[in-house]
Each structure stands twice: as structure tokens, then as C-alpha cells.
Amino acid sequence: MAVGQGADRGLDDIRAKVEAGERLTHEDGLRLYETDDIHTLGELANVVRERMHGRRVYFNVNRHINYANVCVLRCKFCSFYYPFGKSADDGTPQAGDLVHAATPYELTVEEIVSRATEAYENGATEVHIVGGLHPKLPFSYYTDMCREIRKACPKMHIKAFTAIEIIHFTRIAKPRMTVAEVLTELRDAGLGSLPGGGAEIFDDRIHEEAFKNKVGEVEWFEVHRTAHELGIFTNATMLYGHIETRSERVGHLIKLREHQEVSLAKRNSHFNCIIPLSFIPDGSALGNLPGPTGLEDLKTLAVSRLMLDNVPHVKAFWIMQTPKLAQISLDWGVDDLDGTVVYYDITKREGGSDGVTHQEMTIDSLRRLIGEAGCIPVERDTLYRPVERLADGSWRVAS
Ligand code: SF4
């Protein structure tokens, strides 16, 4: 059946399950992916989303800071890293090199605090910090970063560090530390939550072929399990549209769902949000791949909503899915558009090789995207509590 030719009656049994609030199987997830009836898929995803959130769509006022791009790893899907050990004078990638950023950089703690403070003074409620695995920066760099931001911006939530960075910190700390010790020290210094990156696709084949030197699912889940035990909220991601199959994506979502089930029952916090990240091949060692189409993006967001029935929020990160598609996805199960972002070095949807990383969305633009989709914009903080803006320009978490 082609798009627009009517409802796929073959999905009726899945519709019945969705309407009854029953959990979907791996096979259901694959059938949802394989249907050409994109409209029914969106309608089903919206049944779940509206049950949870009505027509509310969340966004936040945030600022991303990528503290350093120097990295000891060479993940094939990454266009952000600059290889550690390569001379800065010879920064331009040569024929035969794995593709990587043209120039290395690392920010001082003072520079990071200055950027965070500027954002805070402009109303940001969150700073989102991640970077490469820099072998020379000591663990104190990261704790100082959190502590100084906390001092300069007392109300701002610090969401920082992917699971691989946390594992990296356990190894560079002197003496070496456990995951729980690293997370506790960071939390004591001001860390509020983990952003959830670095999950990629939980599958041995993908791990071996695309990012074999990076920690895999065992370590990723260990970090998130420990965070949840400590009461630190986290998000989860899935990088899709490179060398993985749809079945492997559905398997990834089910592993997240199983983890969440235990966190909800036995731990002190859980995943707040799933962020399916659309792979952008430009500038990566997988630059020969076409990347996902718009329909594949919509399907992945909708299938994520339907499979992850126990994760509260599904985010379309507009940098990856584009603002226009992110807006459309609000009728395919999505209830969150991330935030104002401002600077994002990890991927650039357009003009990626020119070094331009200014990618900003205004609050008015976010509200317009959401309102035109027939939804109700709700500014939230990192933990999804509504934020109230006051007449004097300050803000508070609404009670
Ligand atoms: S994805 Fe992260 S760990 Fe891998 S090369 Fe890029 S910065 Fe390094």
C-alpha cells in the first residue's frame, strides 16, 4: 500500500493493543516500521502521546557547550572529534585519514563558565555539556567546571557527560574511581542529570563495525543504572540511519524499555526522555551513506513512542531532524522539541565543513512551531517541570 491509499488493516491487532495500553512486541515494532501506512502509524503514536500529555509540547531555554573536541577514539559515525596525538599544525584531514574535525580545541573552565553565565543571564534554565575523551584533562577539570557554573549560575541545571565520558573519568581519576564515585563527586560539584548520549545502537555487530573501541551497552547501562540508583535522572538516545537494521533499532528500544522497567520499580530515578538521533553522514567516516529520509525519521520517532510506553517523553532534536520535520513529528508521537541550543559543535545539518556551529532557535520560533501544529507550548525545566517567566525577566519553576 502506498502512502495515502487508506488504512493498513494489517495493523488492526496492534491498534487494539495500543488502545488497550498493552505492551508491543519486537515483531509489532518491526511491522510498524514496515507499513507504508504512515498516517495510521502517526495516529497510533499519538494515542500514546495524548494519553500521557494531551496536546502539550515541551521545550526549554538551554545552551549547549562542547568543552573539547580532542578525543582518543575514532568512532566512524562521528565528525566532531579531532584525533589525539595528531599535530595541530597538520589539522586538515589527509587522504587515507579517517574523516575528522579540521582543528582541535579545548575550552578552559573560565571560558565554559563565561558561556554558561551569558546564557543564564539571558534566561537559560539549563546548560548541556558534552565533549570528546581528552586524555590530558584531569578529573578535577570536570568537577571544577560543575562547581564554578553552580557558583556563577545557582539556579541553572547542569546536564552533562555521556556514559562514555563517565567511564573515561573513572580511568583518568587518580587513583581510579568507580562509576558511583565519579557520579557522586560530580553531583556534589553541581551535576544535575545525564543527557543520555553515546548509546548508539545496542548490538554487537554495530559496535564492532562502527565504534568498537568505545564502550558498549554493558557499560552504558552500568552508568545509567548507577545514576538511577543514586537518584540522578538521565535521558536515553538511539543513533539511527547508518549501518543498523530496523530490527536492531527495535531491539535497542526494547533494551531501554527493560532497563526502565527496573528503574521505575526499584531505583530512585529513571529515563525522562528518549531522543532518537537521526544520523548525519556529512564529514564522518560513513559519509558515503545516504542517511535517513524524512519518512524514516517520522517512522522512528513514532515507533519509539509506541515501543517505549514506560518512558515519559519523546524528543525530536530539531538540530538532527530539522525544525520543519520536528514540527510535523508532533503528530507522530513527539511531545518535546529540546530547546534554544545556541551553539552545537557535534553535528551541523547544513554547511558542516565551514566551522559554523551557531545553531539557535528563539523561544518565539519554538512557540510558533508548536502552536501552528495545533499543540500547546509548555516551557519546561530539565526535569520537565513547567517554567513560569516573570515580568521582571526572571523565571521560576511553577508549582
Ligand atoms: S563519538 Fe565521542 S567518543 Fe566517539 S570519536 Fe566522537 S567524540 Fe570521540
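Residues numbered from 1 in each chain as written. Predicted model: local features only at pLDDT ≥ 70, side-chain atom pairs only at ≥ 80, totals over all residues. Heavy atoms only, no water.

Peer 1: Which parts of the structure should I look at to understand the confidence of the model for the chain?
Peer 2: Any segment with low pLDDT has predicted coordinates that should not be analysed in fine detail. When the pLDDT values of the chain are averaged, the result is 91; 90% of them are 70 or greater. With pLDDT under 50 throughout, residues 349–355 is counted as low confidence; its partners more than four residues away or in other chains account for eight contacts. (pLDDT = per-residue confidence, 0-100. Contact = heavy atoms within 4.5 Å.)

Peer 1: Any chance you could explain the site of the ligand here in plain terms?
Peer 2: In the vicinity of the ligand, the contacting residues are Cys71, Leu73, Cys75, Phe77, Cys78, Phe80, Tyr81, Gly132 and Lys214. A breakdown of the residues in the shell around the ligand according to their chemical character gives seven nonpolar, one polar and one charged. (Near = heavy atom within 4 Å. Nonpolar A, V, L, I, M, F, W, Y, C, P; charged D, E, K, R; others polar.)

Peer 1: How should I be thinking about the pattern of salt bridges in this particular structure?
Peer 2: Any two side chains of opposite charge can pair if their charged atoms end up close together. Under the criterion given, the structure shown has 30 salt bridges. One salt bridge connects Arg368 with Glu372, and the closest N-O pair in it is separated by 3.3 Å. Placement of the pair is Arg368 and Glu372 together in helix H14 (residues 363–372), with a separation of four residues, close to one helical turn. Residue Arg368 shares its accessibility class with Glu372, and that shared class is exposed. Overlapping salt bridges, with partners in common, bring together Asp13, Lys17, Glu27, Asp28 and Arg31 in one network. (Salt bridge = Lys/Arg side-chain N within 4 Å of Asp/Glu carboxyl O. Helix = DSSP H or I, 4+ residues; strand = E, 2+ residues; numbered from the N terminus. Buried < 20%, exposed > 50% of the residue type's maximum accessible area, 1.4 Å probe, protein only.)

Peer 1: What am I meant to see in the pairing of strand S1 (residues 56–60) here?
Peer 2: For a regular strand, the rule is simple: side chains alternate between the two faces of the sheet. For S1, the buried fraction is high: four of the five residues fall into the buried class. Bridge count for S1 against strand S14 (residues 376–379) is four bridges, and the pairing is parallel. The residue of S14 that forms the bridge with Val57 is Pro377. In this sheet, strand S11 (residues 336–339) lies alongside S1 in parallel orientation, the contact comprising two bridges. Looking at S11, one finds that Tyr58 is bridged to Asp336. (Pairing = 2+ DSSP bridges.)

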